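# Geometric and topological summary
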Amino acid sequence: MADKLYIFDTTLRDGEQVPGCQLNTIEKIEVAKALEALGVDIIEAGFPVSSPGDFNSVREISKAVSNPTICALTRAVKNDIDVAADALSMAKRKRIHTGIGVSPQHIYDKLKSNPEEIIERAVEAVRYARRFVDDVEFYAEDAGRADNEYLARVIEAVIAAGATVVNIPDTTGYCMPWEYGAKIKYLVDNVPNIDKAIISTHCHNDLGMATANSIAGVMNGARQVEVTINGIGERAGNTALEEVVMAFRCHKGIGIDTSIDSTLITQTSRMVSNLMNMPVQANKAIVGRNAFAHSSGIHQDGVLKNRENYEIIDPKDVGVSDSSIVLTARSGRAALSHRLELLGHKREGAELDKIYEEFLKLADSKKDIRDEDLLVLLGESAQNAAHDKIKVKYIQILTGTLVPTATITIQIGDNTYTNTHTGNGPVDAAISAIKEMLTTKVTIQEFLIQAMTRGCNDVGKVHMQVACQGRVAHGFAAHTDIIRASVEAYVDGVNKIFNLIK
């Protein structure tokens, strides 16, 4: 039986410290419920003393979820702990996370203190927190740069004072994996009462080592990892939940696993990305748009023969419907033939060779090869192929202090339809209005907005990935009015997907 690795998610605390990514209480509850469904063991819901909003969020999350432990952060300050205990009063399972800096940099420069006083303050904070809760986690801030012998003294003292979890943060992302792993091993070997607490990792990504350091910590005795969805967080970010979970799933022989339902990883990633307005980089491990995309002809041929030739994770295991074969100038005949078959056009032998030659010429001059381009190569006009092509004829948006309301008129063939709908925002209202006028359900899997120009007349480019009946298509549009661009991108995707499934 695999050893249990506890997942401590700090998306709503450390992750929310990213500039411009703050959430309101309702949004935080939505994320917390998604984390509960995902199967995280502990949710760090906030830093209650920092603001009334954070206090309220911790309290409301405590009411909204029941399975995970709800954790609140504090400094080693009695008032912080009092406020955290109050915020956690409604939680079914509660934890106070208190701590203090332990590196020379923090002890002398930040706290203007000395090593002995730090130990006294740490012990006092843990003892005080135990008056309110049975589950107290102590963080030894900047442990990555702390002297190991002194760190062991601190950890021994706080466990004796009642700490149930000891967090060894690489706060600045300074450590190399072998250094961090050795630090955890030193504690396992040199703290007499270490068996009375769980060791936790909390690694930052300043040198790109967060996941590697976390895994090194686990391999040396840690049994809790502190992570965020998509690796978001202070500065360069935190350890990514999805990377740690899937690393151990891929290496089952290690004998360590989590309770995470990995099939919900992608949808949780996209929800956090959308709510925090923080796009996931395309090549991000596990959840990036290109994580299961193949453009090299050699790779495409191998994947089409057997997915495991170039994929160590089944896309379905993380909630992605299938691998993506992206047509570029580096694609081979196998990939082109595969895409043509999906479009309902099987070509072989000399006929395929001729189309492939024309395809390469087009791919050399065109960045994106779309299904319409292939239909043109086959002698079909994409326009004619879509006899029921949808066109946007009219858009009116009412927002401001009102509930966002959109009135949309679209043309399908010779018929014109108009619908009015409200939504969470103007884009949601507009797209919801269109969805109601369609006889087939087309869902949005990905929604990305990027600025193409700078200044007061910015042009925004919108990319939408839509799905219907197991098929996926990409819609694009650009406009200075981002609502119009969003509507047109959705309609572009709908037209393409209807071409595929008709």
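Our structure is the block above this text.
Thresholds, definitions, all that
Along each chain, numbering runs from 1 in the same order as the chain's sequence is written. Reporting in this predicted model follows two pLDDT cut-offs: at least 70 for local features of residues, and 80 or more for side-chain atom pairs to be given and counted; totals over whole chains, interfaces and linings ignore these cut-offs and use all residues. Hydrogen atoms and water are omitted, and side-chain values are computed over all heavy atoms in the structure. Comment: elements are numbered from the N terminus, with helices defined as DSSP H or I runs of at least four residues and strands as E runs of at least two. Accessibility here uses a 1.4 Å probe with only protein chains present; expressed as a share of the type maximum, an area under 20% marks a residue as buried, one over 50% as exposed, and anything in between as partly exposed. Only heavy atoms enter the contact rule, under which two residues are in contact if any of them lie within 4.5 Å. The protein chains shown are the only cover counted for residues, whose accessible areas, like all others here, come from Shrake-Rupley with a 1.4 Å probe. Counted charges follow a simple rule, with Lys and Arg positive, Asp and Glu negative, and His plus the chain ends left uncounted. Note on charges: their place is set at NZ of Lys, CZ of Arg, CG of Asp or CD of Glu. The criterion for strand pairing is that DSSP finds at least two bridges linking the strands in question. Consider the strands pointing away from the viewer: the crossover is right-handed when the path from the first strand over the helix to the second runs clockwise. What qualifies as a polar contact is a pair of N or O atoms within 3.5 Å, subject to a donor-acceptor requirement within protein and to the restriction that residues adjacent in sequence count only when both atoms come from side chains. Here an angle of 0 to 180 degrees is reported between the N-to-C directions of two axes, which are lines fitted to C-alpha atoms, with helices fitted over the stretch in contact.

## Looking at the overall build of the protein chain
A tally of regular secondary structure across the protein chain gives 17 helices and 18 strands. In the protein chain, which comprises 502 residues, the proportion classed as buried is 51%. Expressed as a percentage of contacts within the protein chain between residues at least 6 apart in sequence, the contacts between residues at least 24 apart total 64%. Working note: accessible area of the protein chain is about 22900 Å², and carbon and sulfur atoms make up 49% of it. Taking the 54 positively charged and 65 negatively charged side chains of the protein chain as two groups, their mean positions are separated by 3 Å.

## A closer look at the pairing of strand β7 (residues 165–170)
In terms of residue burial, β7 counts as a mostly covered element, since 6 of its 6 residues are buried. Pairing analysis gives 3 bridges linking strand β6 (residues 136–141) to β7, with the strands arranged parallel. Bridged to Y139 within β7 is N167. Taking the sense of rotation as the criterion, the β-α-β connection linking β6, helix α6 (residues 148–161) and β7 turns out right-handed. With 6 bridges joining them, β7 and strand β8 (residues 198–203) adopt parallel strand pairing. From the neighbouring strand, D170 faces β8, where its bridge partner is C203. With helix α7 (residues 177–190) bridging β7 and its parallel neighbour β8, the resulting β-α-β unit is right-handed.

## Section: the side chain of K496
Inspection of the secondary structure puts K496 in helix α17 (residues 482–501). The buried category is assigned to K496, whose relative accessible area is 6%. Polar side-chain contacts of K496 include one of 3.1 Å to the side chain of D492.

## Observations concerning the sheet that holds strand β13 (residues 390–398)
Sheet architecture is open: 3 strands sit in the order β13-β14-β15, paired in antiparallel fashion. Among the strands making up the open sheet, the edge pair consists of β13 and β15 (415–422). Taken pair by pair, the neighbouring strands of this sheet meet at an average axis angle of 15°, ignoring direction. Bridge analysis of β13 against strand β14 (residues 405–412) gives 8 bridges, and the strand direction is antiparallel. Pairing of L398 across the sheet is with T405, part of β14. In this fold helix α16 (residues 426–437) packs onto β13, β14 and β15, with an angle of close to 135° to the strand it touches most, β15.

## Digging into the pairing of strand β2 (residues 6–9)
Alignment of β2 against strand β9 (residues 224–227), held across 4 bridges, turns out to be parallel. Considered in β9, the bridge of D9 is made with V227. The pairing of β2 with strand β3 (residues 42–46) spans 2 bridges and is parallel. Residue pairing for β3: D9 is matched across the bridge by I43. For the crossover from β2 across helix α1 (residues 25–38) to β3, the handedness is right-handed.

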